[in-house]
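# Per-entry structural report
This is what each chain is made of:
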Amino acid sequence: MMMSRMLRIAAAIAVSGALAACSGSAASPSPKVYTYKDMTVGFIQTGSESGWRAANTSSFKETATADGINLKFYDSQNKIENQITAFNQYIQDPAVNVIILAAVGTTGYDDVLKAAKAANKVVVIEDRRIEADASLYYTYIGSDFDKEGNNGAAAMCTALKGMSGANVVEIGGDQAASAAIDRAKGFREGIANCTDESIKILDTQSAPAWDPVQGKAIMESDLKKYSGQIQGVYAHNDELAIAAIQAIDAAGLKAGTDVKVIGFDATADGFKYLISGEMFADIECNPLLAPQVYKAALDALNGVTGQAAWVPSQEGQFFASQGADALKAILATRKY
Ligand code: GYE
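Residues numbered from 1 in each chain as written. Predicted model: local features only at pLDDT ≥ 70, side-chain atom pairs only at ≥ 80, totals over all residues. Heavy atoms only, no water.

## So, the pairing of strand E9 (residues 260-265)
- Along E9, six of the six residues are buried, which leaves the element largely enclosed by surrounding structure.
- Neither face of E9 is left uncovered, since the one carrying Lys260, Ile262 and Phe264 and the one carrying Val261, Gly263 and Asp265 both have all their residues buried.
- Bridging between strand E8 (residues 232-235) and E9 involves three bridges; their strand directions are parallel. Within the sheet, the bridge partner assigned to Val233 lies in E9 and is Val261.
- The handedness of the E9 to strand E10 (residues 281-284) crossover, carried by helix H9 (residues 268-275), is right-handed. (Buried < 20%, exposed > 50% of the residue type's maximum accessible area, 1.4 Å probe, protein only. Helix = DSSP H or I, 4+ residues; strand = E, 2+ residues; numbered from the N terminus. Pairing = 2+ DSSP bridges. Right-handed = clockwise from strand over helix to strand, strands pointing away.)

Right, dumping it as structure tokens:
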């Protein structure tokens, strides 16, 4: 009697175990694999201050449309306080699972980065580096602005070759931006290595929010203050370089001959002044970052680890000395 009861209990246990295995209740569910259609991105853009910025914004909007990403776009009007507001809005928005930041400044983001992490939002920094613990965001994708500054210095050394004791003035971008901070740093590092001539920075001023109207006023002031003493202009983007060229020409001087101008971004407008010979060199800065940034965000959603803290952009430089025909041919192949 006892044996048959024990057999019945053993059989019942075996059957329930088999049923649990069949129903899958014992096995854990396989993790969800995210696709771009599962991404709702809150993109916090600096503003619309330059041709580079317009190309960067287009890259994110066009790529989102092509990939089926739901994009929420915020223009910060170049104000850090607006970026903090937008960050908090996206943190509180249950639809947003990815936040992308193009930073106006380098500091002031720690609290919102911590809040985004606590809310399990993926954060990717694009364009400009920030001063924050790398554990607070998935990765940073943007240029090596210090290297760009080194390249700008090398171009200035070439432009002023053989002029012992050459003087330059600097027209900086917004002094809060890492792009301006590092291009200034890289330039100073680089001109110290000029072999054939010593280059002195006569004056340096920054254009708030990269405003070319301010940039032109800075150049006009420098031309008055240092009349006949300026051989070179180091401008932190093409709009500031073009503003300087306009001021130089208005002062009766010839940009490209009397004064050598170096710019950054290599936008279509910058190319026009390379082709005319009024800009000596244009150091490229790649704004077409959206495909890389969205892929990184998707990897983050899918739990991919081992991502580099910084993925530097690939970019080159262009010179008036390449000749108008060659530069026109290159320009015809470019997207911005
Ligand atoms: O050079 C300038 C824009 O962060 C690289 O920002 C970007 C810079 C770019 O205002 O045109």
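## With respect to the packing of aromatic side chains
- For the structure shown, the criterion picks out eight aromatic pairs.
- Here Tyr140 and Trp310 contribute two aromatic rings whose centre-to-centre distance is 6.0 Å and whose plane-to-plane angle is 15°, an arrangement assigned as stacked. Within this pair, whereas Tyr140 is found in strand E5 (residues 139-142), its partner Trp310 is found in strand E11 (residues 310-312), the two being separated by 170 residues in sequence.
- On the basis of relative accessible area, Tyr140 is assigned to the buried category, the value being 5%.
- Measuring from centroid to centroid gives 5.4 Å for Tyr234 and Phe264, while their planes differ by 85°, and the two rings are edge-to-face. Of this pair, Tyr234 sits in strand E8 while Phe264 is found in strand E9, placing the two residues 30 residues apart along the sequence. Residues Tyr234 and Phe264 agree in their burial class; the two are buried.
- Put simply, the rings of Phe43, Phe60, Phe73 and Tyr294 pair up and form one aromatic cluster.
- Above the ring of Phe73, the side-chain terminus of Lys61 is found at 4.3 Å from the ring centroid. (Phe/Tyr/Trp six-rings, centres within 6.5 Å; stacked < 30°, edge-to-face > 60°. Lys NZ or Arg CZ within 6 Å of the ring centre and 35° of its normal.)

## Notes on the sheet that holds strand E3 (residues 98-101)
- Spatially, the six strands line up as an open sheet ordered E2-E1-E3-E4-E5-E11, and their pairing is parallel. What marks the edges here is a single partner per strand, and that holds for strand E2 (70-75) and E11. Along the sheet, successive strands turn relative to each other by an average axial angle of 20°, direction set aside.
- Pairing of strand E4 (residues 122-127) with E5 involves four bridges; the strand directions are parallel. Residue pairing for E5: Ile125 is matched across the bridge by Tyr140.
- Here helix H3 (residues 80-92) sits on the sheet and contacts strand E1 (40-45), E2, E3 and E4; the angle it forms with E1, its principal contact strand, is near 175°. (Axes fitted to C-alpha atoms, helices over the stretch in contact; angles between N-to-C directions. Contact = heavy atoms within 4.5 Å.)

## Observations regarding helix H10 (residues 290-301)
- With 12 residues, H10 ought to run about 16 Å at 1.5 Å a step, and its terminal C-alpha atoms sit 16 Å apart, in line with that.
- Buried residues dominate H10, accounting for nine of its 12 residues.
- Residues Ala290, Val293, Tyr294, Ala296, Ala297, Leu298, Asp299, Ala300 and Leu301 constitute the buried set of H10.
- For H10, the elements touching its buried residues are E1, helix H2 (51-67), E2, E3, E4 and E5.
- Looking at the residues trailing H10, positive phi occurs at Gly303, about 75°. (Expected span 1.5 Å × (residues − 1).)

## Quick word on the sheet that holds E10
- As summarised here, the arrangement of the six strands in space is E7-E6-E8-E9-E10-E12, forming an open sheet in which the pairing is mixed. Edge strands, defined here as strands with exactly one partner in the open sheet, are strand E7 (199-206) and strand E12 (317-319). For this sheet, the mean inter-axis angle between neighbouring strands, taken without regard to orientation, is 15°.
- Taken strand by strand, helix H7 (residues 212-225) contacts strand E6 (166-172), E7 and E8, and its axis lies near 140° from that of E7.
- Against the sheet, helix H8 (residues 238-250) engages E6, E8, E9 and E10, with an angle of about 155° to E9.

## Description of the pattern of salt bridges
- Under the counting rule described, the total for this entry stands at 17 salt bridges.
- We note a salt bridge from Arg129 to Asp182, for which the minimum N-O separation is 2.7 Å. In this pair, Arg129 sits in the loop between E4 and E5 while Asp182 sits in helix H6 (residues 178-191), placing the two residues 53 residues apart along the sequence.
- By relative accessible area, Asp182 is classed as buried at 9%.
- Here the salt bridges do not stand alone but share partners, grouping Glu49, Arg53, Asp127 and Arg128 into one network. (Salt bridge = Lys/Arg side-chain N within 4 Å of Asp/Glu carboxyl O.)

## Here we look at the side chain of Gln231
- Along the chain, the position of Gln231 falls in the loop between H7 and E8.
- Residue Gln231 is classed as buried on the basis of its relative accessible area of 16%.
- Of the polar contacts made by the side chain of Gln231, one reaches the backbone oxygen of Gln229; its length is 3.5 Å.
- Those residues in contact with Gln231 that lie beyond four places of it in its chain are Leu160, Met163, Gly165, Ala166, Asn167, Asp258, Val259 and Lys260. (Polar contact = N/O pair within 3.5 Å; in protein donor to acceptor, adjacent residues only side chain to side chain.)

## Remarks on the state of the cysteines
- Within this structure, the stated rule accounts for one disulfide.
- Linked covalently through their sulfurs, Cys157 and Cys194 form a disulfide whose S-S length is 1.5 Å. Between Cys157 and Cys194, the disulfide has an S-S torsion of -80° and is therefore left-handed. Of this pair, Cys157 sits in helix H5 (residues 145-159) while Cys194 sits in the loop between H6 and E7, and the two are 37 residues apart along the sequence.
- Relative accessible area serves as the criterion here: at 12%, Cys157 is assigned to the buried category.
- Judged by relative accessible area, Cys194 falls into the buried class, the value being 12%. (Disulfide = S-S within 2.5 Å.)

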